[in-house]
Amino acid sequence: MELFSEYFEKLLELHPDYFDNGLIKGAYLIGAYSKSIINNSLYSEVSSGNKTFEKWLSNQKIIEVNLKKIFNKANEFERKLRLGNFKDSNLSQLVTTHFNYDKNTKISQQEISYAFIRGFNDYAKFKREAKEIKKGE
């Protein structure tokens, strides 16, 4: 798998019950997108080794009302640091496609935080596995 979107589509097939809510999908994908921005910021042609987004994110509460703010800040850094040329830049599109939900649906803040962290960690796992596959070729 070359793109995180392919990885995510497999997860949707394997765990349809977990991802049946758009808020959970959104939190998960924003977590993955955030990890992507953090990783790619280190290799930015504009500011190599940039950790500004990572520091900003560490001061944010991962709750429903902050998810769009986190996404918008990550997108801002993607544009500022010109990170859009990376293979996994399709994450922004995934978020905007899947992050829709009924505002009356109640999901606990712990579930939202968990989904975000799961996406963050799954993205790291996806990148590790992609490197291992590339080394094995």
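This text follows the structure it describes.
As the structure is a computational prediction, the values presented were derived from the model and not from experiment. (Residues numbered from 1 in each chain as written. Predicted model: local features only at pLDDT ≥ 70, side-chain atom pairs only at ≥ 80, totals over all residues. Heavy atoms only, no water.)

Visitor: What's the story with unusual backbone geometry in this structure? I'm lost.
Guide: Most of the time, phi is negative for any residue but glycine, and the peptide bond is trans. Even without glycine at this site, Arg82 takes up a positive phi of about 55°. Relative to the helices and strands, Arg82 is located in the loop between helix H4 (64-80) and helix H5 (91-98). (Helix = DSSP H or I, 4+ residues; strand = E, 2+ residues; numbered from the N terminus.)

Visitor: Would you take a moment to explain the nonpolar core for this structure?
Guide: Note on soluble globular proteins: their nonpolar side chains tend to be buried together. In terms of nonpolar packing, the biggest core is built from 38 residues, with Phe4 and Tyr28 touching the most fellow members. Of all the secondary structure elements, the ones that give two or more residues to this core are helix H1 (4-14), helix H2 (22-41), helix H3 (52-58), H4, H5 and helix H6 (109-136). Sort the elements by how many residues they give to this core and H2 lands first, with ten residues. Filtering out sequence-adjacent residues up to four positions away, Phe4 remains in contact with Tyr28, Leu29, Ala32, Asn90, Leu91, Leu94, Asp122, Tyr123 and Phe126. (Core = buried A, V, L, I, M, F, W, Y, C linked by side-chain atoms within 4.5 Å. Buried < 20%, exposed > 50% of the residue type's maximum accessible area, 1.4 Å probe, protein only. Contact = heavy atoms within 4.5 Å.)

Visitor: It is not clear to me how the environment of Ser34 should be interpreted in this structure. Could you clarify?
Guide: Relative to the helices and strands, Ser34 resides in helix H2. Overall, Ser34 belongs to the buried group, its relative accessible area being 0%. Apart from residues lying up to four places away in sequence, Ser34 is in contact with Phe53, Leu57, Ile70, Phe116 and Phe120. Here the side chain of Ser34 touches Ile30 through a polar contact of 2.8 Å, landing on its backbone oxygen. (Polar contact = N/O pair within 3.5 Å; in protein donor to acceptor, adjacent residues only side chain to side chain.)

Visitor: Could you clarify how one ought to interpret the environment of Ser92 in this entry?
Guide: Mapped onto the secondary structure, Ser92 falls in helix H5. Once the C-alpha coordinates of Ser92 and Ala74 are considered, the two residues, 18 residues apart in sequence, prove to be 9.0 Å apart. Sequence-distant contacts of Ser92, that is, excluding residues within four places in its chain, are made with Tyr33, Phe71, Asn75 and Glu78.

Visitor: I keep staring at the environment of Asn121 and nothing clicks. Help me out?
Guide: By the element assignment, Asn121 lies in helix H6. By relative accessible area, which is 41% here, Asn121 ends up partly exposed. Taking the C-alpha atoms as reference, Asn121 lies 7.3 Å from Ala32; in sequence the two are 89 residues apart.

Visitor: It is not clear to me how the pattern of salt bridges should be interpreted in this structure. Could you clarify?
Guide: Two side chains that carry opposite charge are able to pair once their charged atoms sit near each other. Scanning all chains against the criterion turns up four salt bridges. Ionic pairing is found between Lys73 and Glu76, a salt bridge with its closest N-O pair at 3.9 Å. With Lys73 and Glu76 both in helix H4, this residue pair falls three residues apart, about one helical turn. Classification of Glu76 as partly exposed rests on a relative accessible area of 24%. With a closest N to O distance of 3.9 Å, Asp122 and Arg118 form a salt bridge. (Salt bridge = Lys/Arg side-chain N within 4 Å of Asp/Glu carboxyl O.)

That's the geometry; what it means functionally is another story.
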